[in-house]
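This is what each chain is made of:
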Amino acid sequence: MLPRLSHLQFLVIANLLADDLAGRDLRARLRGAGVRQSGPAFYQMMAGLEDRGFVAGWYEQQVVEGQILRERHYKVLASGRKAWLGTRDFYQRAIGLSSDVMARVRGGA
Amino acid sequence: MARSDRALRAFARLLPREFRERVFDPAFSDLRREEIEGGAARKTRQLRRTLLVLESLRLVVLFALWRHRRPTRLASVLILILGIAAVVVQRIRYEGPRRHNPVPERAAPAVPPRGTLPPGAAAEACCQLEQTRIANGVPASTPAGDGLRP
């Protein structure tokens, strides 16, 4: 079966598996992994994951230098975890297949 | 910066509520936090805010047309209007040349005087005349009235 998550969604949920994260921190981690996305594009992708029931988002209010800011936080849900595991299994099977093919190619050469 | 904040908040009020709460507000909040913590130059701030608005506009168009993996009501109405407009345009294009340049009716061949043609040629001329009449929508001739039949 094909994976239910795209590469980017897989990476997002992988980051959320260990702990809940603020959108800003999650974006910073993605940037570290080479993902360049604008703020609105990132939050729209997260809204899509929320709609599919993979993650849950909520606001937390913070005061930074006297200014009130509402920061969006995310946590992975059970269906998100399941989708992530399914996607990981898919990639592992694909890696196993490609390893067999590579071994045969090398053996033939 | 307070004026720019007010302008952005006014812009946010124009956006659909769901989009504003889940996309624009967190992105704007992140931007403000970066500005507070980083203290970027005024021009950089303005540029970032302009980019936020432009990016939000780009995304909100898609959001208005496609949501929850299906077209929205607005998208359905737009598709319907475009379909009707395409049919109307095709109809106008089809009707235009016919109205301004109507197809001229073909003139019926002159009937030769009785007894001037040999029998074979007379029958051929009769057939040709009938075909022309049919093509022009003229009622069929009576056997005795066409002046060609023996």
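We now turn to the structure provided with this report. All chains use their own residue numbering, which begins from 1 and follows the written sequence. All chains are assigned letters beginning with A, and all ligands numbers beginning with 1, in the order in which they are written. Only residues with pLDDT of at least 70 are given local features in this predicted model, and only at 80 or more are side-chain atom pairs given and counted; all residues enter the totals for whole chains, interfaces and linings.

Some remarks on the overall build of chain A
- In this description a helix means any DSSP run of H or I spanning at least four residues, a strand means any run of E spanning at least two, and both kinds are numbered starting from the N terminus. Looking only at helices and strands, chain A has four helices and three strands in total.
- Reading chain A from its N terminus to its C terminus gives the helix and strand order α-β-α-α-β-β-α.
- Exposure criterion: with C-beta atoms placed from backbone coordinates, a residue whose C-beta has 20 or more other C-beta atoms within 10 Å is buried, one with 12 or fewer is exposed, and one in between is partly exposed. Taken over 109 residues, chain A has a buried fraction of 24%.
- Partitioning the intrachain contacts of chain A with sequence separation of at least 6 by distance along the chain shows that 55% fall at a separation of at least 24. The contact criterion used is a C-beta to C-beta distance within 7 Å, with each C-beta placed from the backbone.

Regarding the nonpolar core
- Ranked by size, the top nonpolar core spans 23 residues in total, and within it Ile13(A), Met46(A), Val55(A) and Val23(B) carry the most contacts.
- If you list the elements that add at least two residues to this core, you get helix 1 (7-18), helix 3 (39-51), strand 3 (67-76) and helix 4 (78-108) of chain A together with helix 2 (17-38) and helix 3 (42-65) of chain B.
- The contacts of Val55(A), once residues within four sequence positions are left out, are Leu16(A), Met46(A), Leu49(A), Glu50(A), Tyr74(A), Lys75(A), Val76(A), Leu77(A) and Gly80(A). What we call a nonpolar core is a set of buried Ala, Val, Leu, Ile, Met, Phe, Trp, Tyr and Cys residues whose membership is set by joining through C-beta atoms within 7 Å.

Structural notes on the sheet that holds strand 3 of chain A
- Each pair of strands is called paired provided DSSP finds at least two bridges between the two strands. With antiparallel pairing, the three strands of this open sheet are ordered in space as 1-3-2 (chain A). Unpaired on one side and paired on the other, strand 1 (21-22) and strand 2 (55-64) of chain A mark the two borders of the sheet.
- Relative to strand 3 of chain A, helix 2 of chain B is tilted by about 125°, and along the sheet it contacts strand 2 and strand 3 of chain A. Angles shown run from 0 to 180 degrees and are taken between the N-to-C directions of axes, each axis being a line fitted to C-alpha atoms and, for helices, limited to the stretch in contact.

Points about the environment of Thr50(B)
Residues and elements named next belong to chain B.
- Along the chain, the position of Thr50 falls in helix 3.
- With 11 C-beta atoms counted inside 10 Å, the residue Thr50 sits in the exposed group.
- It is 9.4 Å that separates the C-alpha atoms of Thr50 and Leu8, two residues lying 42 residues apart in sequence.

Concerning helix 3 of chain A
- Its 13 residues place the ends of helix 3 of chain A 18 Å apart at the C-alpha level, agreeing with the 18 Å of an ideal helix rising 1.5 Å per residue.
- Taken together, the buried positions of helix 3 of chain A are Gly39(A), Pro40(A), Phe42(A), Tyr43(A), Gln44(A), Met46(A), Ala47(A) and Leu49(A).
- Among the structural elements, helix 1, helix 2 (23-32), strand 2 and strand 3 of chain A together with helix 2 and helix 3 of chain B are those in contact with the buried residues of helix 3 of chain A.
- Gly53(A), located one to two residues past helix 3 of chain A, shows a positive phi value of around 80°. A helix is expected to span 1.5 Å for every residue after the first.

Concerning unusual backbone geometry
All names here are of chain A.
- At Glu65, a position not held by glycine, the phi torsion is positive, near 50°.
- Within the secondary structure layout, Glu65 lies in the loop between strand 2 and strand 3.
- With 8 C-beta atoms packed within 10 Å, Glu65 lands in the exposed category.

Brief notes about the interface of chain B and chain A
- Of the residues lining the interface, 17 residues belong to chain B; the matching set on chain A comes to 17 residues.
- The set of elements that each furnish at least two residues to the side of chain B that touches chain A consists of helix 2 and helix 3 of chain B.
- Broken down by element, the residue count for the side of chain B that touches chain A peaks at 12 residues, all from helix 2 of chain B.
- Each residue is assigned to one class: nonpolar for Ala, Val, Leu, Ile, Met, Phe, Trp, Tyr, Cys and Pro, charged for Asp, Glu, Lys and Arg, and polar for all the others, Gly among them. Its residues assigned to classes, the side of chain B that touches chain A shows eight nonpolar, three polar and six charged.

Examining the pairing of strand 2 of chain A
Residue and element names in this part refer to chain A.
- Here strand 2 pairs with strand 3 via 10 bridges, running antiparallel. Across the sheet, residue Glu60 finds its bridge partner in strand 3, namely Glu71.
- The hairpin formed by strand 2 and strand 3 contains two residues between the paired strands, and Glu65 there has a positive phi angle of roughly 50°.

Note that all results are geometric; they support no functional claim without further evidence.
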